[in-house]
Amino acid sequence: MIYDYVIIGGGIAGISIAEILSRSSDKVCLLEKEKLLMSKSSSDQHGWFHIGSLYAFMNNEEYLKGLLKNTKDIINYYSEFKRLNMFLNSNGNLQFETNKDGWFRNDDVEYLIASRNNEDLIAKNFFKKIFNIFSWETKIKKFVSRHNKLRNFDLRKDDSHKEISKSNFINYSKKEISKPIFDEINIDNDQFFSMTGFDKPMRSKIIYTDLFSSFSNNGGLTLLNKNYKNIHEKDDYCEILFDDKETIKAKKIIFANGAGLKDLIKEVNIFESPLMVTYPNILNKNIVKLTPNNDNTVNHFMHEYSDRFYSVIGSGLSSKFGDDFKKDEILENFKKNCKSFFKNFEKTKFKEIYFGKKVEYSIKDERNYHYRIFDLSKKQFAVLPGKFSMAFSLAVSIYKKFYNEDPPKITIKDLNLRNQNISENKHYNLVSEFILRSK
């Protein structure tokens, strides 16, 4: 048998591509070298689904534009998934509904944004201080303007993601801005303002389970514990060789194996970011603290464990994989920030830090959150999602590349949800292990 497509790598990029291609072919095979799917970088991430709020303050419009397009792709091509609880109302406005098994938890994410008198804007040089304030206020106004426009904009319009990204000060108003009121964190309320974003906490395993179940129902084949040894390109197909001398043939191969792409593309880099897990939750809200000083940023998301919540805390800090000196430096900074920011830090029963890995296409060590598709040959391709959230636009783009048309909608049957071979998020596993040890 010759498969139409073999996807190497069972993370979110791999399953998203496998699922969407299986809508038009029953000869799609997903290979994963580990014993569980979603067990590497896709498991490390901290459950923050990006609609675009975090990037709404950037001068570069491309990240926001891409994330808004990704949101539209989900609504356009995944709406038949019954557990998808993001939709457009009758006016085309973005909405979420509460669903205990939904892809997203319908809980707000509050942005705490440094105001012009924030201490992070202070500089010894007067002109430097004025420049800092002007630059930051420009970003703040973009952030507020873009949110105001998105709040009431019709996303059914073809170029809506472009129009929102180009929002200017005409859309600025203070209507949605408020003074922060938090008893569980240490901030000077006079140096910040608060605004609700559009991002949401996500249930990664539920998302993955739905995609995997659809893929399996479409006739897709999954092979676990399969690490390829070599690939030979023939005239009409590629031959994939394994250590056990077994072979698989495919018309097209898509590499979605994250860190493994370093062997194929020299500009692929791995970045590590510290994440702290606490149980029970250290705070009762999802928050993102933004200041001009990236070292002082903090984000906090709540996730479920049985009938309780735990916290996953992150920041804007990261280091390139292998740079142990930088890694140790940001780890100490991260610990200090968490300790000073959360009032209940010392009272929390369980605290553990791990480093989540993100694989990106980057030049000069700069971070890059765009998804990428690489043509290695006429039969071999490689992909990077940029972010877990962006895997949907990546999958849609792959489908359009191969078929030159929009993907078909899925036909909803009984999905026969299958998740026994899917990993939990790393933060969930850490909490689970702690609770088991405590019994």
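Report on the accompanying structure. Note that residues are indexed from 1 along each chain, following the sequence as it is written. A pLDDT threshold of at least 70 governs which residues receive local features in this predicted model, and a stricter bar of 80 or more applies before side-chain atom pairs are shown or counted, although totals over entire chains, interfaces and linings include all residues. Water and hydrogen atoms were dropped before computing side-chain values, which therefore reflect all heavy atoms in the structure.

### What to know about a nonpolar patch on the surface
Right, on to step 1. Note that patches include only residues with greater than 30% relative accessible area and no salt bridge, and the join distances are 9 Å for like charges and 5 Å for nonpolar side chains (Val, Leu, Ile, Met, Phe, Trp, Tyr). Residue exposure ignores everything except the shown protein chains as possible cover, and the areas themselves are Shrake-Rupley values with a 1.4 Å probe. The working definition used for a salt bridge is a side-chain nitrogen of Lys or Arg within 4 Å of a carboxyl oxygen of Asp or Glu. On the surface, a nonpolar cluster with roughly 370 Å² of combined accessible area is contributed by F126, F127 and I130.
Right, on to step 2. By definition, any uninterrupted DSSP run of H or I lasting at least four residues is a helix, any uninterrupted run of E lasting at least two residues is a strand, and each is numbered from the N terminus. In this structure, F126 sits in helix α4 (residues 126–151).

### Brief notes about the environment of N225
Right, on to step 1. Position of N225 relative to the elements: it lies in the loop between β9 (221–223) and β10 (228–233).
Right, on to step 2. When accessible area is computed with a 1.4 Å probe and restricted to protein chains, residues below 20% of their type maximum are described as buried, those above 50% as exposed, and intermediate ones as partly exposed. Exposure remark for N225: the relative accessible area of 54% places this residue in the exposed category.
Right, on to step 3. Through-space distance from the C-alpha of N225 to that of S135 is 51 Å; in sequence the pair is 90 residues apart.
Right, on to step 4. Contact definition: two residues touch when any of their heavy atoms are within 4.5 Å. Not counting residues within four places of it along the chain, the set of residues in contact with N225 comprises E32, K33, E34 and K35.

### Side note on the side chain of S389
Right, on to step 1. Tracing the sequence through the fold places S389 in the loop between β20 (380–384) and α8 (391–403).
Right, on to step 2. Not counting the four nearest positions on each side in its chain, S389 is found in contact with W48, F49, H50 and N70.

### A closer look at unusual backbone geometry
Right, on to step 1. Cis peptide bonds are those with omega within 30 degrees of zero, and the linkage from Y279 to P280 qualifies with -5°.
Right, on to step 2. A positive phi angle is found at N225, which is not glycine, with a value near 55°.
Right, on to step 3. Of note in the backbone geometry, S306 takes a positive phi value of approximately 55° without being a glycine.

### Considering helix α3 (residues 62–77)
Right, on to step 1. With 16 residues, α3 should reach 22 Å at 1.5 Å per residue; the first-to-last C-alpha distance of 22 Å fits that figure.
Right, on to step 2. Burial of α3 is extensive: 13 of the 16 residues sit out of reach of the surface. In this scheme, a helix's expected span is set at 1.5 Å multiplied by one less than its residue total.

### Describing the environment of K285
Right, on to step 1. With respect to the helices, strands and loops of the structure, K285 is situated in the loop between β13 (268–279) and β14 (286–290).
Right, on to step 2. For the pair K285 and L30, spaced 255 residues apart in sequence, the C-alpha to C-alpha distance is 38 Å.
Right, on to step 3. Sequence-distant contacts of K285, defined by excluding residues within four places in its chain, comprise F182, H300 and M302.

### Comments concerning the packing of α3 against α8
Right, on to step 1. For the pair α3 and α8, the least separation of the axes is 8 Å and the interaxial angle reads 70°. Comparing their axes, α8 and α3 come out roughly perpendicular. Here α3 runs over α8; the crossing is left-handed. Judged by residue contacts, G66, K69, N70, D73, I74 and Y77 of α3 engage A391, F392, S393, V396 and K400 from α8.
Right, on to step 2. Residue polarity follows a fixed list, in which Ala, Val, Leu, Ile, Met, Phe, Trp, Tyr, Cys and Pro are nonpolar, Asp, Glu, Lys and Arg are charged, and the others, Gly among them, are polar. Residue composition of the contact of α3 with α8, by class: 5 nonpolar, 3 polar and 3 charged. Lines fitted to C-alpha atoms define the axes here, with helix axes fitted over just the stretch in contact, and angles between the N-to-C directions of these axes take values from 0 to 180 degrees. In these notes the angle categories are as follows: under 35 degrees is roughly parallel, over 145 is roughly antiparallel, 65 to 115 is roughly perpendicular, and the rest is oblique. By definition, any crossing whose near helix is turned counterclockwise from its far helix by less than a right angle is left-handed, and any crossing with a clockwise turn is right-handed.

### Focus: the environment of L150
Right, on to step 1. With respect to the helices and strands, the residue L150 is situated in helix α4.
Right, on to step 2. Each C-alpha atom, one on L150 and one on S311, is 28 Å from the other, the two residues being 161 residues apart in sequence.
Right, on to step 3. Once residues within four sequence positions are removed from consideration, L150 is found in contact with L68, L155, I164 and F198.

### Thoughts on the pattern of salt bridges
Right, on to step 1. Here the structure, examined in full by the defined rule, presents 26 salt bridges.
Right, on to step 2. The salt bridge involving K100 is made with D101; its shortest N-O contact spans 3.3 Å.
Right, on to step 3. Classification of K100 by relative accessible area gives exposed; the value is 67%.
Right, on to step 4. A salt bridge links E424 to K205, with the shortest nitrogen-to-oxygen separation between them at 3.2 Å. Here the residue E424 occupies a position in the loop between α8 and α9 (426–438), and K205 occupies one in helix α6 (residues 204–217), the gap between them amounting to 219 residues.
Right, on to step 5. You can call E424 partly exposed: its relative accessible area is 24%.
Right, on to step 6. Within the structure, one salt-bridge network assembled from shared partners comprises E272, K327 and K357.

### Side note on the packing of helix α1 (residues 12–22) against α8
Right, on to step 1. Taken N-terminus to C-terminus, the directions of α1 and α8 make an angle of 45°; their axes are 9 Å apart at the nearest point. Overall, the two elements α1 and α8 adopt an arrangement that is oblique. The interaxial crossing formed by α1 with α8 has right-handed handedness. On α8, the residues touching I12, A13, S16, I17, I20 and L21 of α1 are A391, L394, A395, V396, I398, Y399, F402 and Y403.
Right, on to step 2. A breakdown of the residues in the contact of α1 with α8 according to their chemical character gives 13 nonpolar, 1 polar and no charged.

### Here's the deal with the nonpolar core
Right, on to step 1. Only buried Ala, Val, Leu, Ile, Met, Phe, Trp, Tyr and Cys residues count toward a nonpolar core, and they belong to the same one when joined by side-chain atoms within 4.5 Å. Core analysis: the biggest nonpolar cluster contains 100 residues, and I7, L21, Y78, W103 and F342 have the highest contact counts within it.
Right, on to step 2. Ranked by residue count, the leading element in this core is α8, at 8 residues.
Right, on to step 3. With near-sequence residues (within four places) excluded, L21 lies in contact with Y5, I7, V28, I254, I398, Y399, F402 and Y403.
Right, on to step 4. Grouped together as the second largest cluster of nonpolar side chains are 23 residues, L223, C238, I240 and I248 included.

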